[in-house]
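# Residue-level structural notes
Spelled out from the first residue to the last, the chains are:
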Amino acid sequence: AAGVIQSPRHLIKEKRETATLKCYPIPRHDTVYWYQQGPGQDPQFLISFYEKMQSDKGSIPDRFSAQQFSDYHSELNMSSLELGDSALYFCASSPIGRKGTDTQYFGPGTRLTVL
Amino acid sequence: EDQVTQSPEALRLQEGESSSLNCSYTVSGLRGLFWYRQDPGKGPEFLFTLYSAGEEKEKERLKATLTKKESFLHITAPKPEDSATYLCAVQAMIKAAGNKLTFGGGTRVLVKP
């Protein structure tokens, strides 16, 4: 079965640089979520999109922005990178399921290292 | 604010030794409670969704149950390949779509042969 695709899988950047992470949802999934997971921590919600519109927003820094495109893929843009941005970034996607519950299926993640 | 607490933080089991993981939660209107399995450096792998108190779901050696305040993940006769971190998450009834998951801290399970 097709899964969520994320690229790149690994990314190394210097402080103050910019990074772009991409997410391709499971086919026929119209909702995309972004999470950040630091070492030894659980995933923290950043932002979500439904039908190309921002749906929910968590603790996403102002330096980060994201969008969902017409083909439902999403990009997370991160500027002025800081050492503390080093983490695993997961994208998840969901269809609208029974009772409207959005069961989220996660991708393999992008490991971002800021030096 | 939604809160999820998992216990224990870590669990060491002998192969075949059954046990249960606990997930306590408070949420303003539960839409769903989710269990995921996560291996180091990988994305969470979906296991179960539970919608209402009294519901139970099973998959191989795993069984998830739900009450109004907590959920349990029972591991029956575990094997070494069941070693992983098990994450519990809740989703509140806020919007029609795109609602976030709030995760607990996870339980790291190690099954020794």
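Located above this text is the structure these notes cover.
Residues numbered from 1 in each chain as written. Chains lettered and ligands numbered in written order. Predicted model: local features only at pLDDT ≥ 70, side-chain atom pairs only at ≥ 80, totals over all residues. Heavy atoms only, no water.

Moving on, we come to the overall build of chain A. When its secondary structure is counted, chain A shows zero helices and eleven strands. Ordered by position from N to C terminus, the α and β elements of chain A give β-β-β-β-β-β-β-β-β-β-β. On C-alpha atoms alone, chain A measures out to a radius of gyration of 14 Å, which is about the 13 Å that the 2.2 N^0.38 rule sets for 115 residues. Across its three principal directions, the C-alpha atoms of chain A cover 45 × 25 × 25 Å. Burial analysis of chain A (115 residues in total) assigns 49% to the buried set. Here the analysis covers contacts within chain A between residues at least 6 apart in sequence; of these, 53% occur between residues at least 24 apart. Accessible surface for chain A amounts to roughly 5,500 Å². Of this, 50% is attributable to carbon and sulfur atoms. Across chain A, the centroid of the 12 positively charged side chains sits 4 Å from that of the 12 negatively charged ones. (Helix = DSSP H or I, 4+ residues; strand = E, 2+ residues; numbered from the N terminus. Rg over C-alpha atoms; globule rule 2.2 N^0.38 Å. Buried < 20%, exposed > 50% of the residue type's maximum accessible area, 1.4 Å probe, protein only. Contact = heavy atoms within 4.5 Å. Areas by Shrake-Rupley, 256 points an atom, 1.4 Å probe, with all protein chains shown as cover. Lys, Arg positive; Asp, Glu negative; His and termini not counted. Charge placed at Lys NZ, Arg CZ, Asp CG, Glu CD.)

Now for the state of the cysteines. Scanning the model with the defined rule gives two disulfides over all chains in all. Sulfur-sulfur distance for the disulfide between Cys23 of chain A and Cys91 of chain A comes to 1.8 Å. Residues Cys23 of chain A and Cys91 of chain A share a disulfide whose torsion about the S-S bond is about -55°; that sign makes it left-handed. With Cys23 of chain A in strand β3 (residues 19-24) and Cys91 of chain A in strand β9 (residues 87-94), this pair connects stretches of sequence that are 68 residues apart. Here the two residues Cys23 of chain A and Cys91 of chain A agree in accessibility, since each one is buried. At a sulfur-sulfur separation of 2.0 Å, the disulfide partner of Cys23 of chain B is Cys88 of chain B. On the sign convention where negative is left-handed, the bridge of Cys23 of chain B and Cys88 of chain B, at about -60° about the S-S bond, is left-handed. Placement of the pair is Cys23 of chain B in strand β3 (residues 19-26) and Cys88 of chain B in strand β9 (residues 84-92), with a sequence separation of 65 residues. Cys88 of chain B shares its class with Cys23 of chain B; the two are buried. (Disulfide = S-S within 2.5 Å.)

What follows is about unusual backbone geometry. A cis amide bond links Ser7 of chain A with the next residue in sequence, Pro8 of chain A, at an omega value of -10°. With an omega of -10°, the peptide bond running from Ser7 of chain B to Pro8 of chain B counts as cis. Mapped onto the elements of the fold, Pro8 of chain B is located in the loop between β1 (3-7) and β2 (10-14). Unlike most non-glycine residues, Lys52 of chain A shows phi in positive territory, near 70°. Under the relative-accessibility criterion, Lys52 of chain A is labelled partly exposed at 35%.

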